[in-house]
Every structure is written in C-alpha cells, then in structure tokens.
Amino acid sequence: MTPRDPSRLAVFVSGTGRHLQNLCRLEAEGSFGAKVVLCISNKPGVGALEHASNAGVPSLVMEPTPGEGTEAYGRRAFDAVRASGAGTVVLAGFLKHLWIPDDYRGHVLNIHPSLLPAFGGKGYYGSRVHRAVLERGCQVTGCTVHLVDEVYDNGPILLQRWCAVEPDDTADTLADKVFQEELLALPEGIRRFLAQ
Ligand code: GAR
C-alpha cells in the first residue's frame with residue numbers, strides 16, 4: 001500500500017469530468033502542487049473516465065451494488081482510496097452522497113455550483129441549481145469549495161467565487177459563467193486546503 005500523502009488526490013466523478021481534466025492539465029503544467037492518483041466514478045461510460053485515461057490516471061468504476069447502503073459503498077470506495085495513497089479526496093461533480101470513514105473526515109473537499117448554503121442539498125445539481133437561482137431573482141451567484149461532512153452540501157467553506165446574474169441570463173448562460181469561476185475555485189481551494 002502506498003503511504004498516504006495529502007498532495008495525492010483521489011477525484012470522485014459522475015459525469016463529463018471537466019474539473020478532472022482541468023486538474024490534470026494544471027498538474028501537467030507543473031503549476032498545481034498536487035497529483036491526481038485515482039479517479040472513481042459511480043457511473044460507467046462517462047466522459048470523466050476518458051479524461052482520466054488520456055491523462056494516465058488510474059480509474060475505477062464503482063456502481064452501487066443492489067441493496068448496498070451508503071456506508072457499505074463508502075467503505076468500499078475508501079478502501080480503494082487508501083490503497084492509492086491519496087490523502088485528500090476531491091468530489092468534482094460526484095452526484096451521490098458519500099459516507100466518509102473516520103480516517104478521512106476533514107480530508108474530503110467538494111465543489112458546488114452555488115453560493116452555499118443557498119441552493120444546496122438534495123435535488124440541487126447541474127442546471128437545476130441555475131434555474132432555481134433565476135426563479136428566485138438572485139442578482140449574484142457563484143460556486144463554493146467546502147469540506148464535506150455527513151450532511152450533503154454542508155461543511156466549512158474554503159473558498160467562494162461569484163458572478164453577476166444579468167437580466168438576459170438563462171440557466172445555460174449562468175451555468176457557463178459559474179463554471180468559469182469553478183475552474184479557478186477548485187484548484188485554488190485545493191491549494192489553500194493543502195497549505196493549511
Ligand atoms: C460542476 O458544475 C460541479 O460544480 C457540479 O457538477 C459539475 C461537474 O462538472 N457539482 C454538483 O452539482 C455537486 N452538487 P464536470 O463533471 O464537467 O467536472
């Protein structure tokens with residue numbers, strides 16, 4: 001088993017994996033200060049797995065098995081994290097609640113496409129967040145990098161970046177604007193966390 005190192009990252013994904021791609025790009029440029037050593041996807045066939053493969057990052061598809069509870073899934077996933085030597089776990093578009101074992105509490109980060117605690121929790125992901133922001137008439141939105149605790153989209157905030165909501169914004173334009181902020185926020189949030 002590889003010794004555990006905080007700058008070794010296990011990245012959990014569920015979808016397109018633009019964050020994973022961005023982290024691997026920064027790592028390749030030598031400007032990141034962390035290394036992605038494992039990608040875990042709870043879904044097969046997603047774009048993130050292709051980005052992992054292109055970057056030479058080992059990946060695992062871990063679908064929940066029938067009847068498997070959240071804790072059993074978490075134990076299985078963190079066994080793989082432990083074996084990789086990753087000291088820090090990054091949820092980068094991982095759309096499943098993750099149970100965290102004691103030895104990784106305080107070492108799991110998440111990025112969410114809203115200014116938490118607004119528009120977080122169950123049902124708030126992807127374009128649903130941006131539609132809710134527009135429906136509520138918010139004038140500002142953004143993204144949050146936070147430490148993960150046992151409550152979904154909860155936990156101490158490490159960093160937020162924000163942008164204006166303009167009158168002609170749609171859920172799509174807002175998603176694009178917020179994602180540009182996310183691309184800066186996640187690496188910076190990880191750097192700050194590792195520097196603590
Ligand atoms: C990102 O916008 C991220 O903030 C969001 O999923 C997207 C993943 O994009 N996460 C959540 O909504 C978590 N609640 P990606 O797969 O292209 O990196």
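Refer to the structure above for everything that follows.
**Section: the nonpolar core**
- Counting 31 residues, the largest nonpolar core has Leu-9, Val-11, Leu-20, Val-36, Val-145, Leu-186 and Ile-190 as its most contacted members.
- Elements supplying a minimum of two residues to this core: strand 1 (5–13), helix 1 (18–29), strand 2 (35–41), helix 2 (47–54), strand 5 (108–112), strand 6 (140–147), strand 7 (157–164) and helix 5 (171–195).
- Examining the composition of this core, we find that five residues originate from one element, helix 5, more than from any other.
- Residue contacts for Val-145: discarding those within four places in its chain leaves Leu-109, Asn-110, Ile-111, Ile-157, Leu-158, Leu-159, Ala-185, Leu-186 and Gly-189.
- Grouped together as the second largest cluster of nonpolar side chains are 20 residues, Ile-40, Val-81, Leu-91 and Val-148 included.

**Brief notes about the site of the ligand**
- As a structural note, the neighbourhood of the ligand is formed by 17 residues, with Thr-16, Gly-17, Arg-18, His-19 and Glu-182 the closest of them.
- Note that an oxygen atom of the ligand is positioned 2.7 Å from one of the side-chain N or O atoms of Arg-18.
- Contact between the ligand and Glu-182: an oxygen atom at 2.7 Å from a side-chain N or O atom of the residue.
- Relative to its free-state accessible area of 450 Å², the ligand is covered by the protein chains to the extent of 92%.
- For the shell around the ligand, the elements supplying multiple residues, two or more each, are helix 1, strand 5 and helix 5.
- Of the residues assigned to the shell around the ligand, the class counts are seven nonpolar, seven polar and three charged.

**What to know about helix 3 (residues 70–84)**
- Here helix 3 contains 15 residues, and its C-alpha end-to-end distance of 21 Å stays within 8% of the 21 Å for a straight helix at 1.5 Å per residue.
- Of all the positions in helix 3, only Tyr-73, Gly-74, Ala-77, Phe-78, Ala-80, Val-81 and Ser-84 are classed as buried. Buried residues of helix 3, seen end-on, are gathered within an arc of 150° and therefore sit on one face of the element.
- In the stretch just after helix 3, Gly-85 is the one whose phi turns positive, near 80°.

**Quick word on the sheet that holds strand 3 (residues 59–61)**
- On the basis of which strands lie adjacent, the open sheet formed by seven strands has the order 3-2-1-4-5-6-7 and mixed pairing. Every interior strand has two partners, whereas the edge strands, strand 3 and strand 7, have only one. Strand-to-strand, the axes of this sheet are offset by a mean angle of 20°, without reference to chain direction.
- In this structure, strand 5 lies alongside strand 6, joined through four bridges in antiparallel fashion. Residue Asn-110 lies in a different strand from strand 6, and its bridge partner there is His-146.

Conventions and cut-offs
- Residues numbered from 1 in each chain as written.
- Predicted model: local features only at pLDDT ≥ 70, side-chain atom pairs only at ≥ 80, totals over all residues.
- Heavy atoms only, no water.
- Core = buried A, V, L, I, M, F, W, Y, C linked by side-chain atoms within 4.5 Å.
- Buried < 20%, exposed > 50% of the residue type's maximum accessible area, 1.4 Å probe, protein only.
- Helix = DSSP H or I, 4+ residues; strand = E, 2+ residues; numbered from the N terminus.
- Contact = heavy atoms within 4.5 Å.
- Near = heavy atom within 4 Å.
- Polar contact = N/O pair within 3.5 Å; in protein donor to acceptor, adjacent residues only side chain to side chain.
- Areas by Shrake-Rupley, 256 points an atom, 1.4 Å probe, with all protein chains shown as cover.
- Nonpolar A, V, L, I, M, F, W, Y, C, P; charged D, E, K, R; others polar.
- Expected span 1.5 Å × (residues − 1).
- Arc of directions from axis to C-beta.
- Pairing = 2+ DSSP bridges.
- Axes fitted to C-alpha atoms, helices over the stretch in contact; angles between N-to-C directions.

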